[in-house]
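Remarks on the overall topology
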Amino acid sequence: MSEPTKKRKRNADGSKKSSKKVAVETPGASEVTVTVVQNTDDWAPIVAATPGLAFDKSLSLKPYTKRRGNAPQRPGQSGSIATDELLIESSEHPAIDYVGREEEAGGTDSLLKHYIGVYDPATGGLQVIESRKMTVRGIVRAQNAAPEAFAEKGDYKNMRELRNDLGQTFGTKKSKKAIASLTENAISKPRTAAEHTEPVKHDAVTAAMLRNMAEVTSGMATTEELQTVVDESKPRPRANLDAESPKDVYTIDYLVGTETMKVIPVKEWQDAVKAKEQIITSSKFVSDRIQLASSSVQKLKVLRYLLAILEFYGATTPAAACARSPKRMSCARPCPASRRRWRGTSSASSRITA
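Quantities reported herein were computed from a predicted structural model and do not represent experimental measurements. (Residues numbered from 1 in each chain as written. Predicted model: local features only at pLDDT ≥ 70, side-chain atom pairs only at ≥ 80, totals over all residues. Heavy atoms only, no water.)

**Examining a nonpolar patch on the surface**
A contiguous nonpolar surface patch, about 280 Å² in accessible area, is contributed by Val32, Val34 and Tyr119. The topology assignment puts valine 34 in strand 1 (residues 33-37). Relative accessible area serves as the criterion here: at 52%, valine 34 is assigned to the exposed category. (Patch = residues over 30% accessible without salt bridge, like charges linked within 9 Å, V, L, I, M, F, W, Y side chains within 5 Å. Areas by Shrake-Rupley, 256 points an atom, 1.4 Å probe, with all protein chains shown as cover. Salt bridge = Lys/Arg side-chain N within 4 Å of Asp/Glu carboxyl O. Helix = DSSP H or I, 4+ residues; strand = E, 2+ residues; numbered from the N terminus. Buried < 20%, exposed > 50% of the residue type's maximum accessible area, 1.4 Å probe, protein only.)

Right, here's the structure in full:
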């Protein structure tokens, strides 16, 4: 008994194609003649691409040309493509402006030339002409929003109200109680005239609270009064803001005091100046100005007061500072170098500096 022949399985999905070659009828002319047509016109064909854009073919584009900066003197077969730069634009769309530009120099395809050809099957001739490669992109036109977009919505809520709604929905009992307390104690803000509405009338409870707050805060000090109290409490001289001369801003009677000026002794300095004796003190600043201020008793008293302040300041500094700086003139006790200088002075000057 002969074995049964196995049948070939038919391709169910039909994806497998036959390996047999299909005979294609060739045209009568076996050779194709290619002819390059020189572009002598100012306008050349355009090959435009619209990446990511659905361009409406019914729109018309307006061309604009501009002379290239590096245009060659002999453009050759390229013609106006090599000498002029082209830009196409359309604003017919209600919301989008379409702009087409050529690729700038230095791009990936800036040196690549594009051609458009026309093939005649009867004669077997193919005529090609160089064309411009352009890219058309869409730009959304800026528009003014309608007045209704800026109108205040009735269901507008600020961030606090949104948080309160969220807390009332998903919050704990403690948070819900706090939100309810804030809502009960809230005072509604009256609307301003800028909202073109009449002010909201407060209820009796709100009006009573506002009146009570006004009575309590009526006797409170203003910001200027509080600043004045703070300035007066600081240990610094008070300036006369109504003075017309710089010397009247801080007067001597206010800085030193009238009673203090009366008890400052300057008789010894006056006698030493009349006797033309040298007066040396612990402050070189004061010593250099005694002779110049000898004609005014007030100035001598001010110098004596300044000397007392400097000596008091020197007494508060550590004693080691005097040893480290022998030339320090504001020490309470004279340094060894100062003592050697004082030995040659007269008895009157020594008595004054003691």
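**A few points about the nonpolar core**
One finds Ile264, Trp269, Ile279, Val286, Ile290, Leu300 and Leu303 to be the most contacted residues of the largest nonpolar core, which totals 14 residues. Elements represented by at least two residues in this core include exactly helix 9 (267-274), helix 10 (284-290) and helix 11 (297-316). Those residues in contact with valine 286, other than ones at most four positions away along the chain, are Trp269, Thr281, Leu303, Leu306, Leu307 and Leu310. In this structure, Leu86, Tyr98, Met134 and Val136 belong to the second largest nonpolar core, which totals six residues. (Core = buried A, V, L, I, M, F, W, Y, C linked by side-chain atoms within 4.5 Å. Contact = heavy atoms within 4.5 Å.)

**Overview of helix 4 (residues 173-185)**
Taking 1.5 Å per residue as the helical rise, helix 4 with its 13 residues ought to reach 18 Å, and the 18 Å between its terminal C-alpha atoms agrees with that figure. The buried fraction of helix 4 amounts to one of the 13 residues, a small share that puts the element mostly on the outside. (Expected span 1.5 Å × (residues − 1).)

**Section: the packing of aromatic side chains**
Evaluation of the coordinates by the stated rule reveals one aromatic pair. Ring geometry for phenylalanine 55 and tyrosine 98: centres 5.0 Å apart, planes at 85°, overall edge-to-face. A residue pair is termed long-range when its members are at least 10 positions apart, and phenylalanine 55 in the loop between strand 2 (46-49) and strand 3 (62-67) and tyrosine 98 in strand 5 (residues 96-102) qualify at 43 residues. We classify tyrosine 98 as buried; its relative accessible area is 3%. (Phe/Tyr/Trp six-rings, centres within 6.5 Å; stacked < 30°, edge-to-face > 60°.)

**Here we look at unusual backbone geometry**
With glycine set apart, most residues show a phi of negative sign, and most peptide bonds adopt trans. Backbone geometry at lysine 276 places phi at a positive 55°, although glycine is not the residue there. For lysine 276, the location among the structural elements is in the loop between helix 9 and helix 10.

**Observations regarding the side chain of serine 287**
With respect to the helices and strands, serine 287 occurs in helix 10. Within the structure, the side chain of serine 287 is placed 3.0 Å from the backbone oxygen of serine 283, a separation counted as a polar contact. (Polar contact = N/O pair within 3.5 Å; in protein donor to acceptor, adjacent residues only side chain to side chain.)

**Description of the confidence of the model for the protein**
Of the residues in the protein, 70% reach a pLDDT of 70 or more, and the chain-wide mean stands at 75. For the protein, helix 14 (residues 347-353) is the element with the lowest average pLDDT, namely 37, and helix 11 is the one with the highest, namely 91. Contacts for the low-pLDDT stretch residues 326-354, under 50 throughout, to residues beyond four places or in other chains number 40 contacts. (pLDDT = per-residue confidence, 0-100.)

**Regarding the pairing of strand 7 (residues 125-140)**
Two elements, strand 1 and strand 7, share five bridges in a ladder whose sense is parallel. The partner of threonine 35 across the bridge, within strand 7, is glutamine 127. Pairing analysis gives four bridges linking strand 2 to strand 7, with the strands arranged parallel. Counterpart to valine 47 in the pairing with strand 7 is lysine 133. For strand 5 and strand 7, the ladder comprises seven bridges, and the chain directions are antiparallel. Looking at strand 7, one finds that arginine 101 is bridged to threonine 135. The pairing of strand 6 (residues 114-120) with strand 7 spans seven bridges and is antiparallel. The partner of isoleucine 116 across the bridge, within strand 7, is isoleucine 129. As consecutive antiparallel partners, strand 6 and strand 7 are separated by four residues, and within that stretch glycine 124 has a phi angle of approximately 75°, a positive value. (Pairing = 2+ DSSP bridges.)

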